[in-house]
Amino acid sequence: MRPIAARWFGGGVGLLVGLWGATACNLITGASDLEVSDDAGEGGGSESASGSGAGETGPSGSGPSGSGPSGSGSTGSGVTCGDATCSPGEDCLTCAADCGACAATCGDATCQPDETCVSCPQDCGTCPALCGNAVCEAGEDCASCAADCGACPPTCGNTTCDAGEDCMSCPGDCGACGPSCGDGMCNGAEDCSTCASDCGACPTCGGAGDATTPLDAEEQAFLGIINTYRAQNGLGALAACTSLNRAAQGHSEDMRDNNYFSHTGLNGSTPWDRSCDACYELGCGPQTAMAENIAAGNSGAQATFDQWKNSPGHNANMLGSSFTMIGIGRATGGGQYGSYWTNVFGGATEPSCN
């Protein structure tokens, strides 16, 4: 008979005496199975944090109405009122001779379908500085610059975006045009992967690389085994989470490559630190229920599952009702035990899991 050491997170060191090859305490490898637990009962810990904030809306108002004089004269640098051309910087108020008289409804504080920044700047606002250059540019539309974008369709203003109308030709009915990549603002459906120029480069995630993060055949088999086991115990299935896979695989590879066996990384990292570093943001804290199982010595899924099932602490993690996500990592071909497994359990999904 040979004494086997068993180590437990948060507990002492004890000795078990049994025949080599027995099913307790990872006797197949002589290594110790460990589990991390904040409450010594369920093998998981959780923290939560939430917050909200709201902005403020500024005041609104309208200016007085009126109509401007007609005639000729200089209205600005390079612009001459009376040259029969409604140039940028001219409108019905500043040069009716070139731009025409202001619309009859001008001054009712509403930009009517037949009004524009040229025919009624009081209601529709001053034309953009570039209005009149024959190019319908960002920020211009039929209402703000008909000279460049064309007149609004006859149906514009009926609150329905009809055929032939769009955000450029009738923003009142169809809504303002959405943001575009390169406008300097990270808006809407843009993110670091679709528009780095506006949103910045995507952060680099720690853990395993792209080549070994996806589940291999044995890891996929383990996912099926553990979910069958949970179903037999009335629990929901766990979904594989990419960021947790990255954390689990990275820790298994680190234990293999540096020949150690511990929940604490050689850099002092905890399971939650590694999950956070692998871009599972709920692991930063952590902000959800989490747990980790590690094992060594068996390359196959079934044998590793049996190791954990026969260890109360690890079994409790596999049957944790607070967990919905799992990361699975297996590294073989090195270290004292040849094969290293890590499971990381998470309490909620997030975008990094996809």
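Refer to the structure printed above.
Residues numbered from 1 in each chain as written. Predicted model: local features only at pLDDT ≥ 70, side-chain atom pairs only at ≥ 80, totals over all residues. Heavy atoms only, no water.

**Q** Got a minute to help me understand the pairing of strand 9 (residues 338–346) in this structure?
**A** The two faces of the sheet receive side chains in turn, since in a regular strand these alternate between them. Among the 9 residues of strand 9, 8 are classified as buried, and the element is accordingly described as predominantly covered. As defined by bridge partners, strand 7 (residues 290–296) adjoins strand 9 across 7 bridges and the pair is classed as antiparallel. Each bridged residue has a counterpart across the sheet, and for Ala296 the counterpart in strand 9 is Tyr340. For strand 8 (residues 325–334) and strand 9, the ladder comprises 9 bridges, and the chain directions are antiparallel. Residue pairing across strands places Arg330 opposite Trp341, the latter belonging to strand 9. (Buried < 20%, exposed > 50% of the residue type's maximum accessible area, 1.4 Å probe, protein only. Helix = DSSP H or I, 4+ residues; strand = E, 2+ residues; numbered from the N terminus. Pairing = 2+ DSSP bridges.)

**Q** Just checking my understanding: could you explain the pairing of strand 7 for this structure?
**A** The buried count for strand 7 comes to 7 of 7 residues, which makes it a mostly enclosed element. Here strand 7 shows a buried face lined by Met290, Glu292, Ile294 and Ala296 and a second buried face lined by Ala291, Asn293 and Ala295.

**Q** So what exactly am I meant to see when it comes to helix 6 (residues 217–232) here?
**A** Compared with the 22 Å implied by 1.5 Å per residue over 16 residues, the 23 Å span of helix 6 between its first and last C-alpha is a close match. All buried positions along helix 6 are accounted for by Glu219, Phe222, Leu223, Ile226, Asn227, Tyr229 and Arg230. Projected onto a plane normal to the axis of helix 6, the buried residues spread over an arc of 155° and lie on a single side. Among the exposed residues of helix 6, those pointing more than 90 degrees away from its buried face are Ala217, Ala231 and Gln232. The secondary structure elements touched by the buried residues of helix 6 are strand 6 (239–240), helix 7 (242–258), helix 9 (301–309), helix 10 (312–318), strand 8 and strand 9. N-cap assignment for helix 6: the residue whose side-chain oxygen lies 3.1 Å from the backbone N of Glu218 is Asp216. (Expected span 1.5 Å × (residues − 1). Arc of directions from axis to C-beta. Contact = heavy atoms within 4.5 Å. Polar contact = N/O pair within 3.5 Å; in protein donor to acceptor, adjacent residues only side chain to side chain.)

**Q** Help me out: how do you make sense of the environment of Thr85 in this one?
**A** Secondary-structure assignment places Thr85 in the loop between strand 5 (79–81) and helix 1 (96–99). A relative accessible area of 42% places Thr85 in the partly exposed class. Along the primary structure Thr85 and Ala97 are separated by 12 residues, whereas in three dimensions their C-alpha atoms are 8.9 Å apart. The contacts of Thr85, once residues within four sequence positions are left out, are Glu90 and Asp98.

**Q** Help me understand the environment of Thr264, please; the structure alone is not making it clear to me.
**A** Here Thr264 shows up in the loop between helix 7 and helix 8 (271–277). Here the alpha-carbon distance between Thr264 and His251, two residues 13 residues apart in the chain, equals 9.4 Å. Once residues lying within four places of it in the same chain are set aside, the contact partners of Thr264 are Ser269 and Arg274.

**Q** When you look at the nonpolar core in this model, what are you seeing that I'm missing?
**A** Looking at soluble globular proteins, one finds that nonpolar side chains tend to be buried together. Membership of the largest hydrophobic core comes to 19 residues, with the highest contact counts inside it found for Phe222, Ile226, Met318, Ile326, Ile328, Trp341 and Phe345. At the level of elements, helix 6, strand 7, helix 9, strand 8 and strand 9 are the ones that each hand at least two residues to this core. In terms of nonpolar packing, the next biggest core, distinct from the first, is built from 10 residues, Ala248, Trp272, Tyr280 and Val344 among them. (Core = buried A, V, L, I, M, F, W, Y, C linked by side-chain atoms within 4.5 Å.)

**Q** Explain the layout of surface pockets here, please?
**A** Empty space among the atoms can be located by rolling a probe the size of a water molecule over them. By volume, the largest pocket is sized at about 360 Å³. For the largest pocket, the full set of lining residues is Cys192, Cys202, Pro203, Cys205, Arg246, Cys279, Glu281, Glu350, Pro351 and Ser352. Here the residues of the lining of the largest pocket sort into 6 nonpolar, 1 polar and 3 charged. (1 Å grid on protein atoms, 1.4 Å probe; cavity = no way out; pocket = protein on both sides within 12 Å on 5 of 7 lines; lining within 4 Å. Points joined across faces, edges and corners; volume = space filled by probe spheres on them. Nonpolar A, V, L, I, M, F, W, Y, C, P; charged D, E, K, R; others polar.)

**Q** It is not clear to me how the packing of aromatic side chains should be interpreted in this structure. Could you clarify?
**A** Tallying each qualifying case throughout the model produces 7 aromatic pairs. Relative to Trp308, the ring of Phe222 lies with its centre 5.6 Å away and its plane at 85°, an arrangement referred to as edge-to-face. Placement of the pair is Phe222 in helix 6 and Trp308 in helix 9, with a sequence separation of 86 residues. Of the two residues, Phe222 and Trp308, neither departs from the other in class, the shared state being buried. A centroid spacing of 6.2 Å and a plane angle of 65° characterise the contact between Tyr337 and Tyr340, whose relative ring orientation is edge-to-face. Taking relative accessible area as the criterion, Tyr337 reaches 22% and is therefore assigned partly exposed. Tyr340 sits in the buried class, given a relative accessible area of 0%. By way of ring pairs, the aromatic residues Phe222, Tyr229, Phe305, Trp308 and Trp341 are connected into one cluster. (Phe/Tyr/Trp six-rings, centres within 6.5 Å; stacked < 30°, edge-to-face > 60°.)

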